[in-house]
Each structure stands twice: as structure tokens, then as C-alpha cells.
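# Structural overview for review
Residues per chain are reported as follows:
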Amino acid sequence: MSNGTRALPSPAAPGTAPGLAATPDPAALAGPALAAAHNGSQGSGQLFLSTVTAQVVSGFFVWSALILTFHQIYMHLRNYTVPKEQRYIIRILFIVPVYAFDSWLSLLLLGSHQYYVYFDSVRDCYEAFVIYSFLSLCFEYLGGESTIMTEIRGKPIASSCLYGTCCLQGMSYSIGFLRFCKQATLQFCIVKPLMAIITIILQAFGKYHDGDFNVHSGYLYITIIYNFSVSLALYALFLFYFATMDLLRPFKPVLKFITIKAVIFLSFWQGTLLAILEKCGVIPEVQIIDGKEVGAGTVSAGYQNFIICIEMFFASIALRYAFTCQVYIEKKENSTANLAPMQSISSGLKETMSPQDIVQDAIHNFSPTYQQYTQQSMQDAEHKAPRENGHVVTKAEGLSGRKSKNIEKRVLILSDEEL
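Note that the structure is a prediction, hence the values are computed from the model and not measured.

Within the protein, the regular secondary structure consists of 14 helices and 5 strands. Within the protein, the proportion of its 419 residues that are buried is 46%. Long-range pairs, those at least 24 residues apart, make up 77% of the contacts in the protein between residues at least 6 apart in sequence. As displayed, the protein has an accessible area near 21600 Å², and 65% of this comes from carbon and sulfur atoms.

Structural data, given as C-alpha cells:
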């Protein structure tokens, strides 16, 4: 040898001549080497998601988004001058903390246990809550169900392929139209939590895997049901906006709608794109994270959560402009009342997140008893009822449970048309 040392002869294998070293079997050496190279290649592509760098970068964007959003929520509660509107605005703003912190926590716990499925179920349920809250906010902007019917009743529905009304040509707006818009969004509030529960159950029994479109996997059927449900809800929003765009123009609904739709649909289409990449083999079937094997669906979900963490920072900025609290601050300044004490802020927050009004709305829109009635706040009905063709029902439709000072009781006004 060139360095002057002499290699010691290796022990002879049985059946070989003395002094001759046994020739290693290439296949025996190639097996472990290829396995090690395979594991290294699988793990090297996924190191970023489990590194401190990924956690710090995502955490920076998440906590920045949380600070911006919580400050905006605090300002709305501090200037809680129009509870009927701000209740829904605060609910919409909470989509950033829910999405951001949920995705970051899922990323921190990325691994073979697939904890992200449970966290994402909470996120998806709140998504349905936001779509309903936005439609309800538009109703409040326009003065409620009865006021909207006064403005659009009997007007012909213009045919538009853009807004999906081409099949409604020749029809006119009626109470049934508003009822459909509310029912289509409320059904998503029912379907989405139900699908989340089914997902968790299937996950526990090993029958649910992200990106697995096999007919024997629950992912395929849940995805189909979810797509139909969310499409129906968003179609209802399009129909409502098309019918009331002139009335809503002073409230700048386009920016609000685009921001909410972007937050919800970016996450959805990103997940779909990652599932396609997984099927195309861009994301390998098996990955090694922290020494444990995980499926490609788990890894793609990790990328999805990392992207959402970053997006929520920009969403918090967009929502800050879309749902500014400046108009409510000005109303507070023009009034003689002092700023709300912390006790009132806490009470307002608790009332904002109460689902009582959703339960009332669901009963009103799905119960056959109320199909020919429109809702109106008791205070507005006292002024508007004498000028309407309908009849005011003397029985008020109140909320069940403890009374709330900001959630008004409503009366039912009989529509002057048949469904």
C-alpha cells in the first residue's frame, strides 16, 4: 500500500483456501447501502417541516397575525356601538386565530400520529360558522329580512351566467329566495361538523387517509360531500349579493367577500393541489420524520399547514381593512357615553360567541311553521309594520335560555305572497 502499512489478511471463509480472503457478496452489501440511501433520500426532503427553522418562521407569522387580529377584535369590543353588526364581524375576525394557531399546532405535532386531523376538524367547523356569519352580517347591513323583502319583492331575477342565475330566468324574488339563501348556508353549518365527527371516527379505525381517493377510503366520500355542501353555501352568497348589490354598495361588500372567500378557498385548493402532487409522485409515499415513517398525506398536510401559517398574517391585514372599526369608533365619539369598561368588553365577547342566534335562525328557516314569515326586530317592526302589506304576529320569537341585552327579540311578519 502507498502509505507503507500492510493490511492484515481477513479470516478465510469456510471452504476457501488458507491465506485468501473471502470475496464479499455484492448483493449483501448493496442491500443495506440502498436501504440507507433510500431512508436518507426520503428523510432529507422532509427535514424542513420538522426543523426549528420551519417552526420559527411559521410561528413568527402566526403570532404577528394573532396580535393584529386580537387588537382589532378588542377595538370592536371597546367601541361596541352596533352589536347587531359587530357581533358577526368579530366572529368573522376570529377565523385568523382559529386557522393560524390550529395550523401552527398541527405543524409542531407533525408525525405518524396524525394529530392534525383533529385540529383541522376544529378549523373546518369554524369555516362554516364564518360563511353563515357573513351572510347574516349582510342581512343586518340592510335592516333585516323584512326590510330586504320590501326592497326586492316581485322584482324579476336577471339572467347571469356569472352569478349562476341563468336557470332562474323568468322568476321573481320572493320570500322563498331569501329562505333558500339562509338554508344553503345553514346546511353547511350542520354538514361540516358532522363530517368532522365522521372523519375523526374513521381516522380512529384507520379508514381515513388524506389524499387517498380509493373507494374503500372515507376520504373520497367526505371530500365529495364537503365540496357539494360548501359549493351550495357559496352559491347562495353569490345569489344574495346579485339580488342586493345596489343596496349593499355603501358597505363595500366586494372586499369583504373576496377576503373571506380567499381565506377559505385558498386552504381548500392548496389541499387539492397537494393531493394531486401526491398522486403524481412528487411527494413520495413514505417519509421519515423524527425516525418514524409517515404517509405522503401527512406530509402534504404539513405543507398545507405551513402555508396557512404564513397566509394568515396577510389575511389579518386584509381583514383589518375589510372590517374596519373606524365607523364604530366615530359613532362612539359622537355619543355621550364613555368607553366600555372591561366588564362590558368581556360580556360582549361572551355574547358574540354564543350560538343562540344561530339556533333561532335555523329553527326559523327550516321549520315549516315559519316558511311564510319574515323576521324583524321588535323595535323596527313597530315602525315598519303599519306601512307593510303583511300582518305582524303578536307573539315575539325570542331566544331560548338566558336573556341578552344585545340580541334583540324578533317578531314574525306574515308575507303577502305564497311560496
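To continue, consider the layout of surface pockets. Volume-wise, the largest pocket comes out at about 670 Å³. Lining the largest pocket are 32 residues, and of these Arg123, Asp124, Tyr208, Asp210 and Tyr219 sit closest to its centre. For the lining of the largest pocket, the leading source of residues is helix 9 (residues 253-279), giving 8 residues. In terms of residue class, the lining of the largest pocket is made up of 15 nonpolar, 10 polar and 7 charged. Put simply, the second largest pocket is a space of about 310 Å³. Lining the second largest pocket are 15 residues, with Tyr141, Phe251, Lys256, Thr324 and Val327 sitting closest to its centre. Where the lining of the second largest pocket is concerned, the elements lending two or more residues are helix 3 (83-93), helix 9, helix 10 (296-322) and helix 11 (326-334). Here the lining of the second largest pocket takes 3 residues from helix 11, the largest share from any one element. Taken together, the residues of the lining of the second largest pocket break down into 10 nonpolar, 1 polar and 4 charged.

Under the criterion given, the structure shown has 3 salt bridges. Linking aspartate 246 and arginine 249 is a salt bridge whose minimum nitrogen-to-oxygen distance equals 3.1 Å. Per residue, the accessibility class of aspartate 246 equals that of arginine 249, and both read exposed.

Another point: empty space enclosed by the protein. On inspection of all chains with the given rule, the structure shows 2 cavities of 30 Å³ or more. A volume near 30 Å³ is recorded for the second largest cavity. Looking at the second largest cavity, the residues that line it are Ile131, Phe134, Leu234, Leu237, Phe257, Ile260, Lys261 and Ile264. Sorting the residues of the lining of the second largest cavity by element identifies helix 5 (116-141), helix 8 (218-248) and helix 9 as the ones contributing at least two each. Broken down by element, the residue count for the lining of the second largest cavity peaks at 4 residues, all from helix 9. Along the lines of polarity and charge, the residues of the lining of the second largest cavity split into 7 nonpolar, no polar and 1 charged.

The rules behind the values
Residues numbered from 1 in each chain as written. Predicted model: local features only at pLDDT ≥ 70, side-chain atom pairs only at ≥ 80, totals over all residues. Heavy atoms only, no water. Helix = DSSP H or I, 4+ residues; strand = E, 2+ residues; numbered from the N terminus. Buried < 20%, exposed > 50% of the residue type's maximum accessible area, 1.4 Å probe, protein only. Contact = heavy atoms within 4.5 Å. Areas by Shrake-Rupley, 256 points an atom, 1.4 Å probe, with all protein chains shown as cover. 1 Å grid on protein atoms, 1.4 Å probe; cavity = no way out; pocket = protein on both sides within 12 Å on 5 of 7 lines; lining within 4 Å. Points joined across faces, edges and corners; volume = space filled by probe spheres on them. Nonpolar A, V, L, I, M, F, W, Y, C, P; charged D, E, K, R; others polar. Salt bridge = Lys/Arg side-chain N within 4 Å of Asp/Glu carboxyl O.

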